Structures are given as structure tokens and as C-alpha cells.
Amino acid sequence: MSGNLKLPVGIDDFRKIRECGFYYVDKTKLVEQLMQNWGEVNLFTRPRRFGKTLNMSMLRSFFEIGTDKSLFDGLYISRNKELCDMHMGKYPVISITLKGIEGMTFEEARNMLKIILKNEARRHYYLKNSDRLTDDDKQQYEQILLGTSENTADSLRLLSQLLFLHYDKKVVILIDEYDVPLDKAFQNGYYSEMTSLIRGILGQALKTNDYLQFAVLTGCLRISKESIFTGLNNFKVLSIADARFDEQFGFTDSEVRDILEEYGVSDKISEVKDWYDGYRFGKAGVYCPWDVINYVDHLQADPNARPQAYWINSSGNGLVRRLINIADESTKDEIERLIAGETIEKAIRLDLTYDEIDNSIDNIWSVLFTTGYLTNAGEIELPGGDGYGYRLVIPNKEVRQVFVSQIQEWFRQTVTYDNGSVQDLCGAFMDGDTDKIQNNLNMILIKTISVLDTKARDEQKENFYHGLLLGLLRNNPDWRIKSNRESGDGFSDISIEPTIPEKGIVVEVKYSNTISGLDDACDRAMKQIRDRRYDEALREDGREDIIAYGIAFCRKRCKVVCEKM
């Protein structure tokens with residue numbers, strides 16, 4: 001590895017990163033900004049894998065009584081000596097993450113929440129023997145510790161009260177991924193019960209808590225105030241649209257260039273930018289940290305490694321699928337434009353409840369924006385003076401790949417369901433009926449989305465249509481189909497061995513930039529089949545009755561020619 005420091009792949013513990021010699025991108029300016037732009041309750045909404053958990057771990061290490069102050073040596077915040085003297089290591093801290101709370105039932109999820117609260121209480125085990133707590137106080141602490149408290153919703157407030165009594169100092173509360181339990185509850189059918197529980201916990205801990213110094217929450221979505229933050233008037237929301245704190249989550253361009261230089265891969269900046277840049281938080285352009293670190297780590301083992309979809313593959317992509325499933329023709333057109341690198345204009349709601357997401361397709365656009373699948377390419381004034389919206393764009397190649405793959409999966413399932421049309425298509429291939437093949441394919445192309453007929457190179461477009469046709473033909477379970485089979489002097493695109501022993505089919509796919517060029521593209525396909533003897537492998541299998549097809553595609557149109565060989 002070129003750099004002297006290890007890369008923190010999957011490590012979001014600030015203390016571990018600093019103590020064990022991992023590379024750290026300095027985000028300690030967040031502390032200074034929190035103290036200078038005071039908010040009693042601060043909510044940061046950012047997509048997953050953009051450094052929320054690591055920042056919360058850093059905040060705990062900075063503020064908590066008994067912290068190792070040397071962890072911050074050489075970092076930005078250490079230069080603000082006055083702030084460090086006033087706040088570093090000065091507060092009791094309650095720090096929990098709700099990202100692990102899930103369950104098929106509300107009872108299961110609530111029990112997981114109790115375990116998280118018990119573990120945080122156990123971290124403050126010194127309270128059990130505190131001479132500043134009464135026996136009643138200690139009994140209440142014991143109930144949190146054992147998970148026997150009847151009022152789970154009051155646990156955080158009660159723990160902060162006990163910490164205040166012990167230290168005579170107000171408490172900092174850090175709650176990471178606060179919205180995960182609501183997401184899981186919505187998926188599993190107990191949303192109202194979980195909303196009530198989370199509302200109670202946050203209301204008690206953040207709204208009516210005399211022992212609170214300040215609080216920081218993080219999540220992917222800003223859940224509407226009416227849903228769980230009712231009456232919380234000390235609440236500051238810092239979304240991806242907010243210019244405040246805009247560089248503290250995600251890596252800036254200069255930070256990425258520093259990492260690449262540190263590990264001797266500065267020549268990869270264009271690939272990193274194309275694949276992992278493009279997000280806009282407030283006024284800052286940022287890269288996805290998870291992607292950058294994983295790719296640089298991969299490059300240390302293989303200098304020729306190509307960029308991969310690290311962020312996308314770290315979680316499911318059901319939101320894109322939801323959009324595609326409910327898309328009408330206008331929405332399909334908008335998805336095509338996004339994949340082509342264009343922008344679309346939308347009114348965006350930054351506060352939603354999970355049970356509102358499917359009420360309107362506009363809500364899906366909002367969620368895709370807040371969770372990082374789309375990003376802000378500029379603010380717009382909505383027609384009729386209805387406020388402001390955004391020009392939305394797919395941020396980079398990685399996310400574009402998600403849209404394409406989800407659309408292809410949706411298309412495959414649609415085609416599989418329409419089995420009659422597929423069998424009709426396969427029959428036409430057996431009969432040499434080019435008109436029927438052409439009509440069937442044109443109808444299928446009209447129904448789907450021309451996802452790669454964009455700025456991709458022609459060979460990439462050709463690959464897409466090759467894959468589309470291959471997927472269609474493979475729906476015939478009785479055919480033996482090979483893709484890129486070695487035959488004669490090359491590799492045929494598609495080779496088919498039907499159940500009739502003497503029959504064989506060879507297909508060569510071409511792409512044309514224009515509709516008028518389809519005939520020429522078909523001629524080139526047929527010439528390639530003949531010149532490179534793509535029928536040879538089939539003949540070696542004893543198949544003498546062979547039909548060769550040249551099929552050319554251009555956007556949502558195709559041309560089919562065939563001849564006996």
C-alpha cells in the first residue's frame with residue numbers, strides 16, 4: 001500500500017481510526033460550526049454511507065467527559081484552543097444508533113430498541129455506585145439497565161437526568177439513523193405503533209428535557225414534524241439542500257485528490273470523478289466517501305482495477321424499483337432523460353412520512369433526491385408562484401447503473417409474465433418470419449425504456465440490445481442458447497439449438513445511429529455471419545438446416561433480415 005496509513009474500509013469508529021493508524025479525512029470543523037451556529041436540537045439528513053456515523057462518533061469523542069484529547073492532535077479543531085478549552089471533554093454524552101432496529105413485528109423491534117438503551121445505560125455503569133444518586137435514582141437506573149422499565153419512551157430523558165445528577169452538567173444526546181426503525185416498521189406493517197414510540201422517546205428526551213445541553217440526530221429522510229416532532233420548537237433541520245455544514249458529510253474534491261495522492265493513484269482522478277462525484281449538498285460538490293475509500297483500497301491490490309458500484313451494492317435499491325413500477329409514460333420519458341444525462345424539474349418535499357411515499361409519484365422523486373439517487377443541479381421557481389423546486393440529475397455513473405439495472409430487471413419480469421408474446425416471437429424465429437419478429441420486437445421496444453440509447457459508445461448500446469434479445473429468447477426453456485459462442489473465425493452473438501435436431505439459428509446484433517441506417521447495419525451483420533462462418537459450430541453438432549439473422553436496432557425501432565445457410 002502506497003500510503004503510510006491504513007484505509008478505514010467499513011470503520012466508522014473515530015477513536016479506532018485515530019488510535020490504530022487509519023487514514024482520516026478531517027471533519028472536525030463540524031464541532032466548530034455546531035458551537036458557532038447554535039441549535040439545541042440539530043437534525044442532519046444525508047444519504048447512507050456519507051459519513052454520518054463517523055461524524056457522530058467524532059462528536060462523542062470530542063464532547064464526552066474523560067475523552068482522550070490527544071485524538072484530536074493535528075486536526076482542524078485543535079487550532080481553536082478557546083473552543084477546545086471550553087467544550088472538549090466537558091459533557092456527559094448519551095450516544096445511540098437506531099440503525100439495527102428491525103423486526104417482523106412491533107414487539108421484536110421494541111425489544112431491539114430496549115437492548116440498545118440497555119447497552120448505552122451499561123456504558124455509564126458508574127451510576128450504579130454514584131454517591132450523588134439516591135436509592136430511588138439507582139432503582140430507576142437499574143430498570144433501564146435490565147430493560148424492565150415500564151416506560152421505554154422516557155428512558156433517554158431519565159438517563160440524561162441521572163447523568164446530570166452525577167456530573168452536575170447538562171447532557172449531549174447523539175442519535176444516529178433515527179429514521180431506520182420507521183422505515184422497517186413501514187415495510188413490516190407496524191408503522192403507527194413505531195411512530196408513537198419514537199415520538200414519545202424524542203419528545204421526552206428533546207422537548208421536555210431540562211437536562212439537555214444540545215442534541216444531534218442523523219438520518220436519511222426528514223420525517224415530517226407533524227409525525228414525530230410535534231411541538232418541538234427548538235428544532236434545526238440541516239438537509240442536503242442547506243448550505244450550512246455542506247462540506248462536513250461526503251468528501252470534497254480537494255479531500256479526494258489528497259487521498260489519491262497519499263496512496264499513489266492520482267492518475268485515477270477522472271475515473272473517481274465520473275463514478276463517485278456529482279452529489280451536491282447545499283453549495284458544495286461532494287463525492288461518496290464509501291466509494292472513494294473502497295476504490296482506493298482496491299487499487300492498492302490491483303492498480304488496474306476498474307471502478308465498481310460499492311455504494312449501490314451495500315444496500316437494496318427498492319426506491320428506484322418503486323419508481324419504475326408506478327411509472328406512467330411521462331415518467332418513463334423522464335427516466336430516459338435522466339439516464340441520458342439530462343435534468344428534470346420537480347417540486348421537492350423535504351419532509352415526508354413513510355406512509356406518504358406511495359401516495360404520489362412526486363413523493364418518490366423527493367425520496368430519490370434526499371437519499372442520493374438524484375442530486376440538485378440548480379434551484380427553479382415553480383410555475384404559478386408555487387414556491388421553489390429543483391432541477392434533478394443522476395449524479396454519476398454508479399447511480400446511473402442502478403437505474404439501468406433496475407429497468408432491465410423490471411423489463412425481464414414483464415416479458416416473462418407475457419409468455420404468449422415470447423412464444424410467438426420464438427416461433428417466428430423458427431419459421432424465418434422476419435416481419436413477425438420485427439413487429440414483435442418493435443412492440444416490446446415501445447413498451448420499455450431505451451435505457452442505453454444515450455451518450456454511451458455504440459458498442460455499449462449494441463451490448464444492451466444483445467442482452468435484451470438474449471433475455472427474450474431464453475424464455476423458451478426447450479432451446480439451448482449460447483451467447484458469444486466461438487464458431488468459425490470468431491464469436492457469434494447468439495447461437496440457438498432448438499429441439500428439432502437438424503435445425504440451428506445464428507443471430508448477429510448491430511446498432512445504428514439512425515433509422516435510415518438500419519438496412520446497412522443488417523447487411524453488415526449478415527456479411528459478418530458469412531465471412532466468419534458463424535454456422536460452423538452448429539454444423540459440427542450435425543445441424544444442417546440453419547437460419548441466420550441480422551438484426552439491427554436504433555432506439556425503439558429494429559430491422560430484421562434472414563437467410564438460409
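Data block above holds the structure.
Values in this document were obtained by computation on a predicted structure and should not be read as measured data.

Q: Give me the lowdown on the sheet that holds strand E17 (residues 557-564), citing residues and values where you can.
A: Pairing within the open sheet is mixed, and its five strands lie in the order E13-E14-E15-E16-E17. Two strands bound the open sheet, and with one partner strand each, they are strand E13 (480-487) and E17. The mean angle between the axes of side-by-side strands here comes to 25°, regardless of whether they run parallel or antiparallel. Relative to strand E15 (residues 503-511), strand E14 (residues 490-497) runs antiparallel, the two being bridged by three bridges. The partner of isoleucine 494 across the bridge, within E15, is valine 507. Against the sheet, helix H22 (residues 518-531) contacts E15, strand E16 (545-554) and E17, and its axis sits at roughly 145° relative to E16.

Q: Break down helix H17 (residues 361-370) for me, with residues and values.
A: Since one α-helical turn is 3.6 residues long, residues separated by three or four positions face the same way. With eight of ten residues buried, H17 lies mostly within the body of the structure. Taken together, the buried positions of H17 are Asn363, Ile364, Trp365, Ser366, Val367, Leu368, Phe369 and Thr370. N-cap assignment for H17: the residue whose side-chain oxygen lies 3.0 Å from the backbone N of aspartate 362 is serine 360. Just beyond H17, the residue with positive phi is glycine 372, at close to 100°.

Q: Report on the sheet that holds strand E11 (residues 375-381), specifying residues and quantitative values.
A: The strand order across the open sheet formed by three strands is E9-E12-E11, and the pairing between neighbours is antiparallel. The open sheet terminates on both sides in strands that have one partner only, identified here as strand E9 (344-346) and E11. Neighbouring strand axes in the sheet, compared pairwise and without regard to direction, differ in orientation by 35° on average. For E11 and strand E12 (residues 388-393), the ladder comprises five bridges, and the chain directions are antiparallel. Paired with glutamate 379 across the bridge in E12 is tyrosine 390. The strands touched by helix H16 (residues 329-339) are E9 and E12; relative to E9, the strand with the most contacts, the crossing angle is about 125°. Packed on one face of the sheet, H17 meets E9, E11 and E12 and runs near 105° to E9.

Calculation notes
- Residues numbered from 1 in each chain as written.
- Predicted model: local features only at pLDDT ≥ 70, side-chain atom pairs only at ≥ 80, totals over all residues.
- Heavy atoms only, no water.
- Pairing = 2+ DSSP bridges.
- Helix = DSSP H or I, 4+ residues; strand = E, 2+ residues; numbered from the N terminus.
- Axes fitted to C-alpha atoms, helices over the stretch in contact; angles between N-to-C directions.
- Contact = heavy atoms within 4.5 Å.
- Buried < 20%, exposed > 50% of the residue type's maximum accessible area, 1.4 Å probe, protein only.
- Polar contact = N/O pair within 3.5 Å; in protein donor to acceptor, adjacent residues only side chain to side chain.

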